[in-house]
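Residue-level structural notes
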Amino acid sequence: MAFSFAALNPLQGHDLLSSADLNGYQTLELLRLAAALKRGEQRIDLGGKVLGLIFQKASTRTRVSFSVAMARLGGQTLDLNPAVTQVGRGEPIADTARVLSRYVDVLAIRTFAQSELEEYAHWASIPVINALTDLEHPCQALADYLTLQEAFCGSGSSSRAAADGLAGLTLAYVGDGNNVAHSLLLCGALLGVNVRIGCPPGFEPSAQVLDHARQLAGSRSSIEVSHDPVAAVRGAHGLYTDVWASMGQEQEQRQREQAFAGFCLDENLLAEADPRAIVLHCLPAHRGEEISAGVIEGSASRVFDQAENRLHVQQALLAALLGGVAG
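Residues numbered from 1 in each chain as written. Predicted model: local features only at pLDDT ≥ 70, side-chain atom pairs only at ≥ 80, totals over all residues. Heavy atoms only, no water.

Some words on the state of the cysteines
- Inspection of the entire model under this criterion finds zero disulfides.
- Just so you know, Cys153 is unpaired, no disulfide at all, and the nearest cysteine sulfur is the one on Cys187, 13 Å from it.
- Between Cys199, a cysteine without a disulfide, and Cys282, which holds the nearest cysteine sulfur, the sulfur-to-sulfur distance is 16 Å.
- Residue class for Cys199 comes out buried when judged on its relative accessible area of 0%. (Disulfide = S-S within 2.5 Å. Buried < 20%, exposed > 50% of the residue type's maximum accessible area, 1.4 Å probe, protein only.)

Description of helix 13 (residues 303–321)
- Taking 1.5 Å per residue as the helical rise, helix 13 with its 19 residues ought to reach 27 Å, and the 27 Å between its terminal C-alpha atoms agrees with that figure.
- Maximal helix bending in helix 13 amounts to about 25 degrees, located at Asn309.
- Most of helix 13 is tucked away: 15 of the 19 residues are buried.
- Immediately beyond the C-terminal end of helix 13, within one or two residues, lies Gly323, with a positive phi of roughly 80 degrees. (Helix = DSSP H or I, 4+ residues; strand = E, 2+ residues; numbered from the N terminus. Expected span 1.5 Å × (residues − 1). Bend = angle between axes of the 7 residues up to and from the residue.)

Comments concerning the sheet that holds strand 2 (residues 76–79)
- Strand order across the open sheet formed by four strands is 2-1-3-4, with parallel pairing between neighbours. Both outer strands of the open sheet, strand 2 and strand 4 (128–130), are each paired with one neighbouring strand and no more. Between one strand axis and the next, the sheet turns through 25 degrees on average, direction left out of account.
- Relative to strand 3 (residues 106–110), strand 1 (residues 50–55) runs parallel, the two sharing five bridges. Note on strand 3: the bridge partner recorded for Leu53 is Ala108. (Pairing = 2+ DSSP bridges. Axes fitted to C-alpha atoms, helices over the stretch in contact; angles between N-to-C directions.)

Examining the side chain of Asp242
- With respect to the secondary-structure elements, Asp242 resides in the loop between strand 8 (238–241) and helix 10 (253–259).
- Buried and unpaired, Asp242 has no salt bridge, with Arg61 as the nearest side chain of opposite charge at 8.6 Å.
- A polar atom in the side chain of Asp242 sits 3.0 Å from the side chain of Asn178.
- Not counting chain neighbours up to four residues away, the residues in contact with Asp242 comprise Tyr173, Val174, Asn178, Val180, His281, Cys282 and Glu290. (Lys, Arg positive; Asp, Glu negative; His and termini not counted. Salt bridge = Lys/Arg side-chain N within 4 Å of Asp/Glu carboxyl O. Polar contact = N/O pair within 3.5 Å; in protein donor to acceptor, adjacent residues only side chain to side chain. Contact = heavy atoms within 4.5 Å.)

Comments concerning the pattern of salt bridges
- Applying the stated criterion to the full structure yields 10 salt bridges.
- Of the charged contacts in the structure, one is a salt bridge between Glu150 and Lys38, with a shortest N-O distance of 2.7 Å. Taken as a pair, Glu150 in helix 5 (residues 138–154) and Lys38 in helix 1 (residues 24–38) lie far apart in primary sequence, 112 residues in all.
- Between Lys57 and Asp134 there is a salt bridge whose closest N-O contact spans 2.5 Å. In this pair, Lys57 is assigned in the loop between strand 1 and helix 2 (61–72) and Asp134 in the loop between strand 4 and helix 5, connecting sequence segments 77 residues apart.
- Judged by relative accessible area, Lys57 falls into the buried class, the value being 5%.

So this is what it looks like as structure tokens:
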């Protein structure tokens with residue numbers, strides 16, 4: 001079966017630094033392409049193209065899924081580990097970005113400051129992908145909404161109507177208003193999904209991100225923040241959580257455990273959601289802290305489908321940025 005993804009052509013050569021770098025239609029088309037790739041109904045050949053990975057933070061799913069995605073597209077991946085390259089010895093980003101632009105075709109960067117990612121994008125003449133910063137995790141959000149789409153819109157359909165079915169669903173995120181929450185807010189707003197954040201006082205998402213998400217959502221969907229986890233999850237179609245202390249915040253673990261008391265995604269919270277609700281977690285998970293063992297291993301869990309979907313959405317994204325869907 002052949003599909004037309006011409007709406008993705010304008011993404012060729014562009015960066016993905018934020019979920020908001022896409023519009024709603026492009027986001028839907030990326031999900032549609034990812035679903036077609038996952039089912040084996042679409043083949044894209046990027047033979048000869050090379051992906052460079054610059055990861056300042058530890059990674060399992062992001063590193064492996066990007067590498068496998070590029071291999072499935074016929075390309076290659078170079079792991080530009082800062083520990084064994086000049087990146088880790090203080091070479092200016094401006095120099096590194098311009099040199100790598102002459103060797104590889106796309107960069108996926110996983111680092112701390114969003115400003116560092118933006119500096120790479122400024123100096124590079126090739127697409128730069130946000131593989132996680134302290135501000136956002138846009139590739140994760142794409143995988144999350146693909147998983148929600150499969151659960152509620154039908155995994156067997158490649159139609160735009162199936163993807164559009166995301167509009168009006170409610171995703172409740174319970175936990176720290178971190179980078180994952182930010183991308184869920186922005187991507188959900190583009191897709192017409194109602195996004196609720198349930199967090200303790202002082203752990204809300206960025207006010208700037210919230211404002212941006214509300215602007216993107218307009219009147220199509222709602223963006224809400226609550227300090228009551230039960231109110232946040234009530235009637236929701238997707239329940240999502242993440243670790244309470246992200247990378248770089250480990251020294252705050254004990255303080256955060258106290259602050260997040262009552263925000264564990266457990267059987268009691270799940271009972272407040274829609275009866276068909278699915279459970280999501282971007283992993284790694286701390287069972288007994290932000291999520292109970294029974295919920296993550298239970299029948300509502302789609303956590304490992306969600307992890308697999310990182311591969312498919314990143315394959316779609318690489319294809320779009322490198323011109324694999326042109327025509």
